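# Overview (structure and organization)
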Amino acid sequence: MPMISILSGRVLARAATAGAIGVVLLLLMRHTALAQGAFGVGSPMSAPPEAAGGLVGWFLQKQAAYYREFAALVRAAKQTGGVAFGLLGVAFSYGVFHAAGPGHGKAVISSYLFANGESWRRGVTLSFASALLQSLVAIAIVGIAAVLLSGTAQMMGAAVHDIEIGSFLLVIAVGLRLAWVKGYGFLAALRAYRAPAPASLSAAAAEHRTRAAHEHDHAHDDDHDHHHGHHDHDHHAAAPDGACPACGHAHGPAPQDLAGPGGWRRGLSAVLAAGLRPCSGAIILLVFTLAQGVIWTGVAATFAMGIGTAITVAALATFAVGARSAAARLAGDRRGVGLVALRTVELVAALAVILVGVLLLTGYMASERMFLV
Amino acid sequence: MQRATQPTPGGRRPLACSLYSIVRALALVLGAGCALTGAARAHPHVWVTAKSELVYAADGALTGVRHAWAFDDMFSSFALQGIPHKRKGAYTREELAPLAQINVTSLKEYGYFTRVRADGKKVPLSEPVDYWLDYTGSVLTLHFTLPLKAPVTAKSLMVEIYDPTWFVDFTLADKDPVALQGARPDCKLEVQPATGFTVAQGQQLGGETFFNSLSATGSFGAQFANKVFVKCP
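Residues numbered from 1 in each chain as written. Chains lettered and ligands numbered in written order. Predicted model: local features only at pLDDT ≥ 70, side-chain atom pairs only at ≥ 80, totals over all residues. Heavy atoms only, no water.

The next thing to look at is the sheet that holds strand S4 (residues 121-123) of chain B. Residues and elements named next belong to chain B. On the basis of which strands lie adjacent, the open sheet formed by five strands has the order S4-S3-S7-S11-S10 and antiparallel pairing. In the strand order of this sheet, the two ends are held by S4 and strand S10 (188-192), each with one partner. Neighbour-to-neighbour, the strand axes of the sheet open up by a mean angle of 20°, direction not taken into account. (Pairing = 2+ DSSP bridges. Helix = DSSP H or I, 4+ residues; strand = E, 2+ residues; numbered from the N terminus. Axes fitted to C-alpha atoms, helices over the stretch in contact; angles between N-to-C directions.)

Right, let's talk about the pairing of strand S11 (residues 226-231) of chain B for a bit. Residue and element names in this part refer to chain B. As defined by bridge partners, strand S7 (residues 156-161) adjoins S11 across six bridges and the pair is classed as antiparallel. Among the inter-strand pairings, Ile161 is bridged to a residue of S11, identified as Asn226. Here S10 pairs with S11 via five bridges, running antiparallel. What sits directly across from Gln192, in S11, is Lys227.

The biggest cluster of nonpolar side chains holds 127 residues, and the ones touching the most others in it are Phe70, Met156 and Ile283 of chain A together with Leu54, Trp69, Val116 and Leu157 of chain B. Looking at which element gives the most residues to this core, the answer is helix H6 (residues 153-194) of chain A, with 11 residues. (Core = buried A, V, L, I, M, F, W, Y, C linked by side-chain atoms within 4.5 Å. Buried < 20%, exposed > 50% of the residue type's maximum accessible area, 1.4 Å probe, protein only.)

Let's shift gears to the packing of helix H11 (residues 280-291) of chain A against helix H12 (residues 295-330) of chain A. Residue and element names in this part refer to chain A. At a minimum axis separation of 7 Å, H11 and H12 run at an interaxial angle of 160°. Overall, the two elements H11 and H12 adopt an arrangement that is roughly antiparallel. In this structure, H11 crosses over H12, and the sense of that crossing is right-handed. Judged by residue contacts, Ala282, Leu285, Leu286, Thr289 and Leu290 of H11 engage Ile295, Gly298, Val299, Ala301, Thr302 and Met305 from H12. Considered class by class, the residues forming the contact of H11 with H12 number eight nonpolar, three polar and no charged. (Parallel < 35°, antiparallel > 145°, perpendicular 65-115°, else oblique. Left-handed = near helix turned anticlockwise from the far one by under 90°. Contact = heavy atoms within 4.5 Å. Nonpolar A, V, L, I, M, F, W, Y, C, P; charged D, E, K, R; others polar.)

So, about the state of the cysteines. Residues and elements named next belong to chain B. In this structure the tally under the stated criterion is one disulfide over all chains. One disulfide in the model links Cys187 with Cys232; its S-S distance is 2.0 Å. One disulfide, between Cys187 and Cys232, carries an S-S torsion of 115° and so falls in the right-handed class. Of this pair, Cys187 sits in the loop between strand S9 (178-181) and S10 while Cys232 is found in the segment after S11, placing the two residues 45 residues apart along the sequence. Each member of the pair, Cys187 together with Cys232, is buried. (Disulfide = S-S within 2.5 Å.)

Turning our attention to unusual backbone geometry. Residue and element names in this part refer to chain B. At Tyr112, a position not held by glycine, the phi torsion is positive, near 55°. Within the element layout of this structure, Tyr112 appears in the loop between helix H3 (93-107) and strand S3 (114-118). Looking at Tyr112, the relative accessible area reads 6%, which means it is buried. Although it is not a glycine, Phe113 adopts a positive phi angle of roughly 55°.

This paragraph deals with the side chain of Gln81 of chain B. Residue position: Gln81 of chain B is located in the loop between helix H2 (73-80) and H3. A polar contact is formed between the side chain of Gln81 of chain B and the backbone oxygen of Gly151 of chain A, at a distance of 2.9 Å. (Polar contact = N/O pair within 3.5 Å; in protein donor to acceptor, adjacent residues only side chain to side chain.)

Residues and elements named next belong to chain A. Applying the stated criterion across every chain, the model contains 14 aromatic pairs over all chains. Arranged with centres 5.8 Å apart and planes meeting at 40°, the rings of Tyr67 and Tyr94 form a pair that is tilted. Of the two residues, Tyr67 sits in helix H2 (residues 54-80) while Tyr94 sits in helix H3 (residues 85-98), which places them 27 residues apart along the sequence. For the pair Tyr67 and Tyr94, one class covers both residues: buried. (Phe/Tyr/Trp six-rings, centres within 6.5 Å; stacked < 30°, edge-to-face > 60°.)

Tallied over the entire structure, the rule returns nine salt bridges over all chains. Residue Arg277 of chain A is joined to Glu164 of chain A by a salt bridge in which the shortest nitrogen-to-oxygen separation is 2.4 Å. Of this pair, Arg277 of chain A sits in the loop between helix H10 (262-275) and H11 while Glu164 of chain A sits in helix H6; the two residues are 113 residues apart in sequence, bridging distant segments of the chain. For the residue pair Arg277 of chain A and Glu164 of chain A, the accessibility class agrees, reading buried in each case. For Arg66 of chain B, the salt bridge goes to Glu53 of chain B, with nearest N and O atoms at 2.9 Å. Of the two residues, Arg66 of chain B sits in strand S2 (residues 62-71) while Glu53 of chain B sits in strand S1 (residues 46-56), which places them 13 residues apart along the sequence. Residues participating in the shared-partner salt-bridge network are Lys182, Arg324, Arg343 and Glu346 of chain A. (Salt bridge = Lys/Arg side-chain N within 4 Å of Asp/Glu carboxyl O.)

Averaged over chain B, the pLDDT score is 77; the fraction of residues at 70 or greater is 70%. Here the predicted complex carries an ipTM of 0.72, next to a pTM of 0.69. (pLDDT = per-residue confidence, 0-100.)

Okay, a nonpolar patch on the surface next. Residues and elements named next belong to chain A. Together, Ile144, Val147, Leu148, Leu149 and Met155 line one region of the surface with nonpolar side chains, adding up to about 490 Å² of accessible area. The biggest single contributor to the nonpolar patch is helix H5 (residues 120-148), with three residues. Relative to the helices and strands, Val147 is located in helix H5. (Patch = residues over 30% accessible without salt bridge, like charges linked within 9 Å, V, L, I, M, F, W, Y side chains within 5 Å. Areas by Shrake-Rupley, 256 points an atom, 1.4 Å probe, with all protein chains shown as cover.)

The following block contains the structure:
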């Protein structure tokens with residue numbers, strides 16, 4: 001019976017993935033068709049469904065207030081010619097509030113951290129990496145399109161649009177990858193839970209054996225996959241008798257997971273998905289400073305914005321990591337129902353990433369509208 | 001990290017308790033996630049100071065709305081990036097013609113941020129005519145006229161100028177923001193500028209209000225609406 005469920009589980013997972021890819025391709029085709037002729041118009045993304053004031057409104061109001069100060073501060077910087085500390089400070093504050101506003105980055109990073117049970121340090125690192133990337137992309141777009149090519153705002157809008165589509169696809173890809181891995185973990189946990197008690201008992205010994213192999217595997221096979229949870233299912237697949245109810249148990253992150261050579265690569269896809277899309281405000285600010293002849297001030301301000309953004313995203317990442325460890329604690333000894341529930345939650349987090357990606361791609365969840373010009 | 005692995009039946013926590021706790025944790029995370037992605041809306045990146053004219057025909061029917069929208073200087077310089085021009089710091093109307101074309105074309109998707117209602121009924125608008133840009137004192141101003149599909153005569157007329165998504169912030173000019181051109185002399189004009197955010201709105205942070213406000217539809221943008229009323233007896 002376990003054998004059968006392994007097989008049917010795989011078939012199911014493959015079918016689901018194939019289906020999801022099909023849907024995404026269809027949506028993409030539809031989207032591309034819509035996007036044609038929309039260039040120069042800015043983003044073809046339609047207006048988002050409305051949300052109302054409240055906390056969101058307050059955040060927007062703060063951002064708007066900071067953003068409004070940019071022009072005057074840039075002019076002041078041009079006058080004095082010194083380092084524009086005032087501008088940097090405002091840019092930083094703007095970044096802090098802006099990260100709480102539009103953007104899928106937080107959703108992707110948080111869900112990724114949550115689903116994978118990553119460490120806090122990794123969460124913070126990913127947050128800073130994605131925010132830094134976002135700043136660099138804005139600077140690269142303005143540097144190439146405006147400074148080198150003397151291009152127009154439309155050109156930059158088009159570049160942002162393409163990057164945006166790429167990053168949304170990447171969000172979906174990250175989500176699919178997570179869902180694939182977590183789907184296996186879920187099925188394994190479910191099977192273990194369903195397995196009759198005698199089998200569990202007999203499996204205890206097997207589990208002890210496999211655990212040794214497990215840790216062994218763990219110690220120097222880190223970069224072969226991205227996800228912690230993945231070990232669970234690998235493991236499972238490796239146990240042909242399938243009678244291994246505790247295989248789904250999670251280990252705490254081993255130190256080498258964080259520092260090892262696979263460490264950076266593991267989160268790279270999430271960083272790219274979250275940080276590839278530049279912030280429109282940064283681009284407008286950079287072009288303005290370029291026009292005022294103080295582009296380096298703009299570059300510095302863009303990085304200040306990035307640091308502010310990183311702090312907010314890191315705070316949310318901390319929350320995600322904390323929620324995850326709380327969930328793991330609630331799952332108790334991580335067997336039986338607790339494990340099934342934990343794996344369910346992980347799977348839901350993975351599916352949420354896919355959903356965010358699809359919504360962004362289809363324009364049902366607008367990030368930032370691109371320019372009007 | 002590893003707990004005792006004896007798979008005793010007692011090792012399974014009561015189903016309801018365990019599931020409940022985890023579902024609660026999940027709800028918290030998803031709630032926060034939804035709140036943040038639901039918050040996926042932009043603050044204004046473009047500020048417009050608007051002046052508008054309502055244009056009437058000789059028979060007293062409204063024929064169109066003529067706008068003059070001045071952009072903020074950051075957006076002005078962004079929009080001018082890469083536009084070829086002969087004299088440094090100056091742009092002629094001809095040099096700006098392609099940009100004006102792009103502006104009005106792209107505004108179509110947003111309904112020109114202009115809504116006209118005659119006696120409560122929505123009035124359809126045609127494509128803009130007479131559009132051009134001028135650039136004075138680092139401010140770019142877009143001029144265009146929106147003809148109504150068909151002229152309307154109405155006792156009560158309302159024109160709203162705003163972006164419901166608040167990507168563009170519309171503020172009416174301080175002095176004479178709205179004028180009636182050729183209207184009957186007994187028509188009365190009333191202008192209600194947008195209220196914008198108030199601190200009180202920002203402070204409605206109570207849990208339920210907050211989540212309700214996120215799922216509520218439609219009302220967010222209304223506070224940025226600039227409303228013009230014309231009453232002709």
